[in-house]
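Residue-level structure breakdown
Listed below, chain by chain, are the residues.
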Amino acid sequence: AMEWEDLLSLDEQVATSLFGDGGHGAPQDHVAPPRIPSYVLQHLLRSLEGLVRTSGREGLRMYGWFHRHFWEVAGKMYPASASSLRMFASYFLGEKTPLFGMKQQLEVGGKHNLRRSTEAFPACLQLYSEFEDVSQLAKWACSLDDLYLVCHFKVWPAVVKSLFSLGEKLQSLRSGKGEERSVYAIYR
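Report on the accompanying structure. Residues take numbers from 1 onward in each chain, read along the sequence in its written order. The predicted nature of this model means local features are confined to residues of pLDDT at least 70 and side-chain atom pairs, given and counted, to a pLDDT of 80 or more, with totals for whole chains, interfaces and linings taken over all residues. As a rule here, side-chain values come from all non-hydrogen atoms in the structure, and water together with hydrogens is ignored.

As a further point, take the overall build of the protein chain. Only DSSP runs of H or I with at least four residues qualify as helices, and only runs of E with at least two residues qualify as strands; both kinds are numbered from the N terminus onward. When its secondary structure is counted, the protein chain shows 11 helices and 4 strands. A radius of gyration in this sense is built from C-alpha atoms; the matching globule rule multiplies 2.2 Å by the number of residues raised to 0.38. Taken over C-alpha atoms, the radius of gyration comes to 18 Å for the protein chain, in line with the 16 Å a tight globule of 188 residues would show. For the protein chain, the spread of C-alpha atoms along the principal axes amounts to about 55 × 40 × 35 Å. Summarising the internal contacts of the protein chain: among those between residues at least 6 apart in sequence, 59% fall at separations of at least 24. For the accessible areas, the method is Shrake-Rupley and the probe is 1.4 Å, while residue cover comes only from the protein chains on display. Here the protein chain displays about 11,300 Å² of accessible surface, and carbon together with sulfur accounts for 56% of that area. Residue contacts are counted whenever heavy atoms from the two residues lie within 4.5 Å of one another.

This part is about the nonpolar core. Within this scheme, the nonpolar core is defined by two criteria: the residues are buried Ala, Val, Leu, Ile, Met, Phe, Trp, Tyr or Cys, and they are joined through side-chain atoms within 4.5 Å. Burial status follows relative accessibility: with a 1.4 Å probe on protein chains alone, a residue under 20% of its type maximum counts as buried, one over 50% as exposed, and anything between as partly exposed. Ranked by size, the top nonpolar core spans 34 residues in total, and within it L137, W140, L163, L170 and V183 carry the most contacts. Secondary structure elements with two or more residues in this core: α1 (2–10), α5 (82–92), α6 (114–131), α7 (135–141), α8 (144–152), α9 (156–164) and α11 (179–187). The element contributing the most residues to this core is α6, with 7 residues. Setting aside residues no more than four positions away along its own chain, W140 makes contact with L93, A120, F121, C124, D146, L147, V150, W156, V159 and I186. Within the second largest apolar cluster, 5 residues are counted, among which are L41, L48, V52 and Y63.

Moving on: the layout of surface pockets. Cavity: a set of points on a 1 Å grid over the protein atoms alone where a 1.4 Å probe fits but cannot get out. Pocket: an open set with protein on both sides within 12 Å along at least five of seven lines, its lining residues, like those of a cavity, having an atom within 4 Å of a point. Grid points are joined across faces, edges and corners, and a volume is the space filled by probe spheres set on the points. Of the voids in this model, the largest pocket is the one considered here, and its volume is about 2,100 Å³. W4, W65, A74, Y78 and F88 are, among the 43 residues lining the largest pocket, the residues nearest its centre. Looking at the lining of the largest pocket, the elements that each hand over two or more residues are α1, α2 (12–19), β1 (52–57), β2 (60–65), α4 (68–77), α5 and α6. Three residue categories are used. Nonpolar comprises Ala, Val, Leu, Ile, Met, Phe, Trp, Tyr, Cys and Pro, charged comprises Asp, Glu, Lys and Arg, and polar comprises the others, including Gly. In the lining of the largest pocket, the residues fall into 25 nonpolar, 9 polar and 9 charged. Its volume calculated, the second largest pocket comes out at about 230 Å³. As for the second largest pocket, its lining consists of 14 residues, and the residues nearest its centre are F121, P122, L125, Q126 and S162. Within the residue set of the lining of the second largest pocket, elements represented by two or more residues are α6 and α9. Ranked by residue count, the leading element in the lining of the second largest pocket is α6, at 8 residues. Counted by class, the lining of the second largest pocket contains 7 nonpolar, 6 polar and 1 charged residues.

We now examine the packing of aromatic side chains. Aromatic ring pairs: the centre-centre distance and the angle between the two ring planes describe each pair. Aromatic rings from Phe, Tyr and Trp, taking only the six-membered ring of Trp, are treated as a pair when their centres fall within 6.5 Å; an angle between ring planes under 30 degrees marks them as stacked, one over 60 as edge-to-face, and anything in between as tilted. Evaluation of the coordinates by the stated rule reveals 5 aromatic pairs. Between F88 and F92, the aromatic rings sit 4.9 Å apart at their centres with planes inclined by 55°, giving tilted as the arrangement. One end of the pair, F88, and the other, F92, are both in helix α5, 4 residues apart, so they sit about a helical turn from each other. The class for F88 is partly exposed, based on a relative accessible area of 23%. For F92, a relative accessible area of 1% translates into the label buried. Ring centres of Y184 and Y187 lie 5.8 Å apart, and the angle between their planes is 55°; on these two criteria the pair is classed as tilted. Taken together, the residues span about one helical turn, with Y184 and Y187 both in helix α11 at a distance of 3 residues. Judged by its relative accessible area of 5%, Y184 is buried. Members of the aromatic cluster, each reached through a chain of ring pairs, are F88, Y91 and F92. A ring is considered to have a charge above it if a Lys NZ or an Arg CZ atom is located within 6 Å of its centre and within 35 degrees of its normal. The cationic tip of K169 hangs over the ring face of Y128; the distance from NZ or CZ to the ring centre is 5.1 Å.

Now the structure itself:
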């Protein structure tokens, strides 16, 4: 739940709808807090009761759609924008965290960070495949922490399969320099 609060706190549309923007939307007669209040997420989860399931792993509570069809429909109705994918990727790569938020590191609470290993790569890959933005994928490919995590949690086969689905597109990175070239090196 903490990650959901962090991600919603980083989203400007959510902040504007909750606290106003002092000009274009609802009036802002106070200083907006650095993160959304916990009750907002609790209300959202209650509204989604029956659609969202919880599971526990590594001592954390994780939320997911109850059925595959829910996230497929949600993905079609509300496609991710480049800015939201960039924000999501930078959060899970540990670059951007709201004030009082939980920084995504190699270890959280003395245990390896499962969420970082399973969330950062898909967001980076989707940003590249749909919006031609290789920046976050290149940061992921150059991060020994992230490569270690996908190997540690045995996510590597899924990473390789995802990269091979973009084989033609990744060939263009072969002649790239620096971080972009590292994406091609992992693919190869």
